[in-house]
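# Architecture at a glance
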Amino acid sequence: MSPILLLLIGMVIVVGSILIFRLHAFLALILGSLIVAAFTEKEAVYHHCLKSEAVRITDVVSDRVALKASKNQKIISGSIFLLRPNESDGKLEEISVGVLTLLPSSNLSEEEKTLEKELGVRYGEISSEVLPEIKDRIIHHTQINEARSISSRNIAQRVGSGFGSTCLKIGIMIAMAAIVGQCLMRSGAAERIVLGIRNLLGEKNAPVAFIASGFTLGIPVFFETVFYLMMPLGKAMHLKTGRNYLLYILTIIAGGTMAHSLVPPTPGPLFVAYELGVDIGLAIICGTIVGVFTTASGYVWARFISTRIIIPLRESADLTKAQLKAMMDRKAEELPGLLSSVLPILIPLFLLAGGTVFSLLFANMEVQPAWMLTIEPLVRVLGNKDIALTVAAVFSIVLLARRPGSTKESVAQSIQGAIADAGVIVLITCAGGAFGHVLRQTGIAGSIENSLPATESGLMIVGFLICMIVRTAQGSSTVAMITAVGVVAPIAAASVLTYHPVYIAIAIGCGSKPISWMNDSGFWVISKMSGMTESEMLKTNTVMGIIMAVTGLIVCLIGSRIFPMV
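What counts as what
Residues numbered from 1 in each chain as written. Predicted model: local features only at pLDDT ≥ 70, side-chain atom pairs only at ≥ 80, totals over all residues. Heavy atoms only, no water. Helix = DSSP H or I, 4+ residues; strand = E, 2+ residues; numbered from the N terminus. Buried < 20%, exposed > 50% of the residue type's maximum accessible area, 1.4 Å probe, protein only. Areas by Shrake-Rupley, 256 points an atom, 1.4 Å probe, with all protein chains shown as cover. Lys, Arg positive; Asp, Glu negative; His and termini not counted. Charge placed at Lys NZ, Arg CZ, Asp CG, Glu CD. Patch = residues over 30% accessible without salt bridge, like charges linked within 9 Å, V, L, I, M, F, W, Y side chains within 5 Å. Salt bridge = Lys/Arg side-chain N within 4 Å of Asp/Glu carboxyl O. Contact = heavy atoms within 4.5 Å. 1 Å grid on protein atoms, 1.4 Å probe; cavity = no way out; pocket = protein on both sides within 12 Å on 5 of 7 lines; lining within 4 Å. Points joined across faces, edges and corners; volume = space filled by probe spheres on them. Nonpolar A, V, L, I, M, F, W, Y, C, P; charged D, E, K, R; others polar. Pairing = 2+ DSSP bridges. Axes fitted to C-alpha atoms, helices over the stretch in contact; angles between N-to-C directions. Polar contact = N/O pair within 3.5 Å; in protein donor to acceptor, adjacent residues only side chain to side chain. Core = buried A, V, L, I, M, F, W, Y, C linked by side-chain atoms within 4.5 Å. pLDDT = per-residue confidence, 0-100. Disulfide = S-S within 2.5 Å. Parallel < 35°, antiparallel > 145°, perpendicular 65-115°, else oblique. Left-handed = near helix turned anticlockwise from the far one by under 90°. Phe/Tyr/Trp six-rings, centres within 6.5 Å; stacked < 30°, edge-to-face > 60°.

### A word on the overall build of the chain
Assigned secondary structure in the chain consists of 23 helices and six strands. Along the first, second and third principal axes, the C-alpha atoms of the chain reach 85 × 60 × 45 Å. For the chain, the proportion of its 566 residues judged to be buried stands at 52%. Carbon and sulfur atoms make up 63% of the accessible area of the chain, which totals about 24900 Å². The average position of the 44 basic charges and that of the 39 acidic charges among the side chains of the chain differ by 11 Å.

### A closer look at a nonpolar patch on the surface
Residues Ile546, Val550, Ile554, Ile558, Ile562, Phe563 and Met565 make up a contiguous nonpolar surface patch of roughly 630 Å² in combined accessible area. The topology assignment puts Val550 in helix 23 (residues 534–562). Val550 gets classed as partly exposed once you look at its relative accessible area, which sits at 38%.

### Remarks on the environment of Leu50
Checked against the element boundaries, Leu50 lands in helix 3 (residues 42–53). Taking the relative accessible area as the measure of exposure, Leu50 reaches 1% and is therefore buried. Considering only alpha carbons, one finds Leu50 and Gln143, 93 residues apart in sequence, at a separation of 8.1 Å. Residues contacting Leu50, with those up to four places away along its chain left out, are Leu92, Ile139, Ile144 and Ala147.

### Let's talk about the layout of surface pockets
There is about 990 Å³ of room inside the second largest pocket. Top contributing element to the lining of the second largest pocket by residue count: helix 17 (residues 408–441), with five residues. Of the residues that constitute the lining of the second largest pocket, the class distribution is 21 nonpolar, 17 polar and six charged.

### With respect to the pattern of salt bridges
As enumerated under the stated definition, the model contains nine salt bridges in all. In this structure, Glu112 and Arg64 form a salt bridge, with 2.9 Å as the shortest nitrogen-oxygen distance. Residue Glu112 is located in helix 4 (residues 110–118), and its partner Arg64 is located in strand 2 (residues 64–68); the two are separated by 48 residues in the primary sequence. The burial state of Glu112 is the same as that of Arg64; both residues are buried. One salt bridge in this structure joins Glu376 and Arg380, with 2.1 Å as the shortest N-O distance. Residue Glu376 and its partner Arg380 are both found in helix 15 (residues 370–382); the two are separated by four residues, about one turn of the helix. Here the salt bridges do not stand alone but share partners, grouping Arg84, Glu133 and Asp136 into one network.

### Comments concerning the pairing of strand 1 (residues 55–61)
In this sheet, strand 6 (residues 137–140) lies alongside strand 1 in antiparallel orientation, the contact comprising two bridges. Residue Arg56 lies in a different strand from strand 6, and its bridge partner there is Arg137.

### Looking at the sheet that holds strand 6
The antiparallel closed barrel is built from six strands, whose spatial order is 1-2-5-4-3-6. When the angles between neighbouring strand axes are averaged without regard to direction, this sheet yields 45°. Contacting strand 3 (78–85), strand 4 (92–102) and strand 6, helix 5 (residues 141–151) crosses the sheet at an angle of about 80° to strand 6.

### Considerations on the side chain of Arg192
Take Arg192: it is sitting in helix 7 (residues 189–201). From its side chain, Arg192 meets the backbone oxygen of Pro336 in a polar contact 3.3 Å long.

### Some details on the nonpolar core
The biggest cluster of nonpolar side chains holds 132 residues, and the ones touching the most others in it are Phe210, Phe227, Leu276, Ile504 and Ile508. In this structure Ile508 touches Val272, Gly463, Cys467, Met481, Ala484, Val485 and Val488, once residues within four positions along its chain are discounted. Ranked by size, the runner-up nonpolar core spans 12 residues in total, among them Val45, Tyr46, Leu50 and Leu92.

### Some details on the confidence of the model for the chain
Put simply, the chain has an average pLDDT of 86, and 94% of its residues get 70 or more. The least confident element of the chain is helix 13 (residues 321–328), whose mean pLDDT is 62; the most confident is helix 21 (residues 502–511), at 96.

### So, the state of the cysteines
The tally for this structure, following the rule as stated, stands at zero disulfides. Cys167 carries a free sulfur, and the closest cysteine sulfur to it, the one in Cys430, is 4.1 Å from it. Assessed through its relative accessible area of 32%, Cys167 is described here as partly exposed.

### Digging into the packing of helix 8 (residues 206–218) against helix 10 (residues 245–262)
The contact between helix 8 and helix 10 brings their axes to 7 Å, and the two run at 25°. Considering their axes alone, helix 8 and helix 10 lie roughly parallel with respect to each other. Like other packed secondary-structure pairs, helix 8 and helix 10 cross with a definite hand, here right-handed. Taking contact as the criterion, the partners of Ala206, Pro207, Phe210, Ile211, Gly214, Phe215 and Gly218 in helix 8 are, on helix 10, Leu247, Tyr248, Thr251, Ile252, Ala254, Gly255, Gly256, Met258, Ala259 and His260. A class-by-class count of the residues in the contact of helix 8 with helix 10 yields 11 nonpolar, six polar and no charged.

### Quick look at helix 21
When you tally the buried positions in helix 21, you get 10 out of 10 residues, the bulk of the element. Inspection of helix 21 places Val502, Tyr503, Ile504, Ala505, Ile506, Ala507, Ile508, Gly509, Cys510 and Gly511 among the buried residues, and these make up the whole buried set. Buried residues along helix 21 sit in contact with helix 10, helix 11 (267–275), helix 12 (280–306), helix 19 (458–474), helix 20 (477–494) and helix 23.

### Overview of the packing of aromatic side chains
In total, this model carries six aromatic pairs according to the counting rule given. Seen in terms of ring centroids, Phe358 and Phe362 are 5.9 Å apart; in terms of plane orientation they differ by 20°. Their pairing is stacked. Here the residue Phe358 and the residue Phe362 both occupy positions in helix 14 (residues 338–364), the gap between them amounting to four residues, near one helical turn. By relative accessible area, Phe358 is classed as buried at 12%. A residue is classified by how much of its surface remains accessible, and Phe362, at 15% relative accessible area, is buried.

### A few points about the packing of helix 2 (residues 25–39) against helix 6 (residues 155–187)
Contact geometry for helix 2 and helix 6: axes closest at 9 Å, N-to-C directions at 130°. Considering their axes alone, helix 2 and helix 6 lie oblique with respect to each other. Considering only the axes of helix 2 and helix 6, their crossing is right-handed. Where helix 2 approaches helix 6, its residues Phe26, Ile30, Ser33, Leu34, Ala37 and Ala38 are matched on the opposing element by Ile155, Arg158, Val159 and Phe163. For the contact of helix 2 with helix 6, the class distribution of residues is eight nonpolar, one polar and one charged.

What follows is the structure, given as structure tokens:
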């Protein structure tokens, strides 16, 4: 069956199951995965495995070849198969067996040594009956056997493999991030961060403080939770100032919603980064930078629309005006210290981003100083995404335990609640990993690669549009990002990009913002807590999401040209 048709069937099943039959996203993704796997032929799975593992020959000079491996490929010397693309359908065919001998640096010219260091090219000699040509590929005999083994698996094994590999990569991170978020909320640290930023910027700049607070808290805390925390603060600020209610609400939304889609370890961007092979530290840095531009555009819109639409503070069931006033008058001394409150967020960001920067510097030095060689193993351990989030989780638990009135039972209950919340997210995310895994095995990358816009920016635009369409259809940003990257990731892996795939990851994240309307649970959370009507939400919040998304895509398109990072 055609990979394009399988893709359409899979997307219809996932989106239709959620919209029509109201299935949970986990069940919808698993159902879509099983059906796609059932209709995928064994031969397609085998050829996908070959294409994934076979290393390209980029140059042939006399008796030696230049080999270029992609991010997840390995060049293994020894017994190999020489593969050549079929001229009609592009599938790799075995044309000869041979032996690969990798050459040591001492046998290379100065030019070859430079290419090996800067471009990651490896040089070797191949002895076979057929002379290798440029664009041929080689694959070790053990990898051929593995490809045959994978193609013979049943549908449950293939779906389970994709589910398990995703959980291995990001399951611990999501669980630890949920613990951090829950402890920040229960300890009062989240509220302390908001008050600290507000006090720093002053009441005049309260909207900027709300954006900064929402973005900061949106990294470890789920968006709905961020809004539950900050909405009462926005209302209380309005009671104090007597103005800018809509501005306060929109700036809270702008900060929290963009962090939710751009910055790991939030599940959506975390999964997208993993699927595209993007380092988590780099994803955090770039997502934050693009987030500055997107939230700035959201702030400009919020300023503009709040002068043209006046929305009053309406009564709601969450908090009375007396409670809001008490919250506004709460002193910082009643809450944890600002530094200890923000550390559970800063610790993983520092360890992950710092580890990425250290690794880049370490790899680009011809001779590493002794102190770098000494601390390099420790930096690698602390810069590991699971370790960094675990350290942050431990610190946040200590913060909660030190809160006056906390008991062992209350702390344990908070952690159990966080793990329960994380469990649902892990199931959805890993089901998305299974869905993407079986989609890749259909050979979808080769089928639609030629249909992309004939520009370097094509993948970013396609990822953005697919994510936007799925988000608009079924409402969930996370499901939309999972679906979009399942289509785009195999194409990116098979392509020679002139820019870093982190730009594709961020473009997909931006595509998850439009269009927020009545099928989005977040739409109703904001509407009910803010007191805005559906019409007011569409005129203000929905339009702001579109503006921020397009701004982010433009920043990615420009950034990939100015700072390609390859």
